[in-house]
Amino acid sequence: MAEVPLSAEERDGLVAELALGVLDGEERAAALRALMADPAFTPGLIEDWQRRLAPLYDEYTPVAPADTLWAGIAARIDDADAPREGALRQLRIWRAGAMIAGVAAASLALVLLFRPVPSSPPLPGPAAPVAIAQMTGAVDGPVVLARFDPASGRLSLRASAVKPGALAPELWVIPPDGKPRSLGLIAANTDSQLPVEARLRAFMTEGATLAVTMEPVDGAPHAAPSSAPVASGKISLI
Amino acid sequence: MTSAKLFGICLRISADRDAAEDILQEVYIKVWNRAGRFDSGRASPITWLCAIARNAAIDWRRASLRPGTVPEEAASTVADSALPADRVIERDQMRARLLYCIDQLQRGHGDAIRAAFLDGLTYAELADRMAVPLGTMKSWIRRGMQRLKECIGDG
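Just so it is clear, the structure is predicted and the values come from calculations on it, not from any experiment.

Colleague: Just to check I follow, could you spell out the confidence of the model for chain B for this structure?
Modeller: Any region with low pLDDT has predicted coordinates that should not be read closely. Residues and elements named next belong to chain B. Per-residue confidence for chain B gives a mean pLDDT of 81; residues scoring 70 or more make up 74%. pLDDT under 50 marks residues 70-81. Its contacts with residues more than four places away, or in other chains, come to 25 contacts. Both scores are available for the predicted complex, with the pTM at 0.58 and the ipTM at 0.84.

Colleague: Whenever I open this one, the pairing of strand S5 (residues 181-185) of chain A confuses me. Can you help?
Modeller: For a regular strand, the rule is simple: side chains alternate between the two faces of the sheet. The buried fraction of S5 of chain A is high, at 4 of 5 residues. In this structure, the hairpin formed by strand S4 (residues 167-174) of chain A and S5 of chain A is closed by a connection of 6 residues, where Gly178 of chain A is found at a positive phi of approximately 85°.

Colleague: Just to check I follow, could you spell out the packing of helix H6 (residues 123-130) of chain B against helix H7 (residues 134-152) of chain B for this structure?
Modeller: Residue and element names in this part refer to chain B. Where H6 meets H7, the closest approach of the two axes is 9 Å, and the angle between their N-to-C directions is 105°. When the interaxial angle is binned, H6 and H7 end up roughly perpendicular. Within the contact between the two elements, H6 uses Tyr123, Ala124, Leu126, Ala127 and Met130 and H7 uses Leu134, Met137, Lys138, Trp140, Ile141 and Arg142. Looking at side-chain class alone, the contact of H6 with H7 contains 9 nonpolar, no polar and 2 charged residues.

Colleague: Help me understand the confidence of the model for chain A, please; the structure alone is not making it clear to me.
Modeller: All names here are of chain A. Here chain A averages 74 in pLDDT, and 69% of its residues register 70 or above. Here helix H5 (residues 84-104) stands out as the element of chain A with the lowest mean pLDDT, 45, in contrast to helix H1 (residues 8-20), whose mean of 94 is the highest. In this model, residues 81-88 is a region of pLDDT below 50 whose contacts with residues beyond four sequence positions or in other chains number 9 contacts.

Colleague: What am I meant to see in the nonpolar core here?
Modeller: For soluble globular proteins, nonpolar side chains are generally found buried alongside one another. By size, the foremost hydrophobic cluster in this structure holds 64 residues, and its most contacted members are Leu20 of chain A together with Met137, Ile141, Met145 and Leu148 of chain B. With 10 residues, the single largest contributor to this core is helix H3 (residues 45-63) of chain B. Each of domain 1 (3-67) and domain 2 (99-154) of chain B accounts for three or more of the residues forming this core. Beyond its immediate stretch of four places on either side in the chain, Leu148 of chain B contacts Trp49 and Leu53 of chain A together with Leu98, Cys101, Ile102, Leu105 and Ile113 of chain B. If you look at the next biggest cluster of nonpolar residues, it comprises 24 residues, including Ala131, Val196, Val212 and Met214 of chain A.

Colleague: How should the packing of helix H5 (residues 109-119) of chain B against H6 of chain B be read in this particular structure?
Modeller: A packed helix pair is summarised by two numbers, namely the angle formed by the two axes and the spacing between the axes. Residues and elements named next belong to chain B. One way to put it is that H5 packs onto H6 with a least axis distance of 10 Å and a crossing angle of 125°. It follows that H5 is oblique to H6 by the angle criterion. When you trace H5 past H6, the crossing you get is right-handed. When H5 is examined against H6, the residues Asp111, Ala112, Ala115, Ala116 and Asp119 are found in contact with a partner set consisting of Leu126, Arg129 and Met130. Of the residues belonging to the contact of H5 with H6, the class tally is 5 nonpolar, no polar and 3 charged.

Definitions and limits used
- Residues numbered from 1 in each chain as written.
- Chains lettered and ligands numbered in written order.
- Predicted model: local features only at pLDDT ≥ 70, side-chain atom pairs only at ≥ 80, totals over all residues.
- Heavy atoms only, no water.
- pLDDT = per-residue confidence, 0-100.
- Contact = heavy atoms within 4.5 Å.
- Buried < 20%, exposed > 50% of the residue type's maximum accessible area, 1.4 Å probe, protein only.
- Helix = DSSP H or I, 4+ residues; strand = E, 2+ residues; numbered from the N terminus.
- Pairing = 2+ DSSP bridges.
- Axes fitted to C-alpha atoms, helices over the stretch in contact; angles between N-to-C directions.
- Parallel < 35°, antiparallel > 145°, perpendicular 65-115°, else oblique.
- Nonpolar A, V, L, I, M, F, W, Y, C, P; charged D, E, K, R; others polar.
- Core = buried A, V, L, I, M, F, W, Y, C linked by side-chain atoms within 4.5 Å.
- Domains from an automatic or database assignment.
- Left-handed = near helix turned anticlockwise from the far one by under 90°.

Encoded structure:
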């Protein structure tokens with residue numbers, strides 16, 4: 001149906017149709033093929049449309065699902081691989097996290113994922129829910145992704161656009177009491193791992209904030225930050 | 001609550017309570033297994049979850065090969081109560097802009113786009129529901145989406 005390269009109009013049309021979901025069967029497959037073969041196409045074009053249309057999700061009336069939903073999910077996850085009790089427990093915690101995520105979702109900072117870190121071998125038994133956060137600041141400022149695994153007590157970090165110099169990025173956890181506790185200096189612009197002190201692990205949970213400030217290397221970890229955060233974000237459990 | 005929002009999406013598109021529950025279970029299992037695919041730069045987590053639910057429900061609908069029997073449903077809005085004020089404003093702005101731009105579209109075009117999105121209808125189902133020829137519907141959607149993009153004005 002479509003010549004490659006596509007005209008801008010045809011490309012826009014197919015992208016809009018795919019984002020809206022009006023194509024079916026062979027028509028949809030043909031549209032995907034045409035776009036994949038088109039050098040000017042990127043998946044971002046469809047995502048742009050999804051973002052534009054996202055406010056329409058507000059039009060859906062929420063309907064509480066039956067209570068059996070969670071048991072059904074747990075059973076299916078159990079069937080797949082996890083120990084029964086563990087999956088149920090994890091699911092309950094995770095569901096609580098998912099609800100909170102819904103409420104807080106539009107806050108810039110919160111994020112649902114961080115690619116699982118393959119460094120540790122698969123844990124025997126159930127894994128505790130993983131805490132994650134995305135810290136952001138100015139539009140072109142640093143972005144730091146954090147993933148805390150309570151089982152190992154380690155924080156996996158991925159930092160980018162941090163401008164190192166005389167000062168180094170220091171990571172803080174700010175629990176609901178509002179007092180920042182230093183987790184230590186972190187690597188700028190690379191992936192790193194940070195062990196979290198046992199006394200601070202309890203803070204690594206839903207609702208707490210992670211923040212990065214630029215601090216002198218001397219004396220780290222510091223008792224308190226000396227400057228405003230360059231990036232911050234709330235922790236979410238998944 | 002996220003699960004009620006997602007269930008609402010599954011229910012409206014599938015128009016079948018049992019199916020909607022199955023779909024929602026699959027959605028959560030999918031999310032469980034591939035949370036790593038989420039791209040924080042592009043969407044909020046709730047939007048991401050909604051999109052997965054909508055796509056799963058549409059897949060079910062298309063696979064179940066049933067004639068279009070989606071009930072009409074009055075639009076209703078649920079306020080987010082716990083967002084920070086500036087985010088509420090930004091969100092409301094995006095929403096207001098989209099709804100304004102849909103209203104600016106020619107008669108029929110906006111309705112078709114809303115029905116396509118909210119009910120997960122195909123071109124054929126849309127043409128059937130709105131009683132216009134298939135070719136007309138295709139042109140409505142394409143022109144409507146083009147205008148919508150221009151109106152929203154973000155490229």
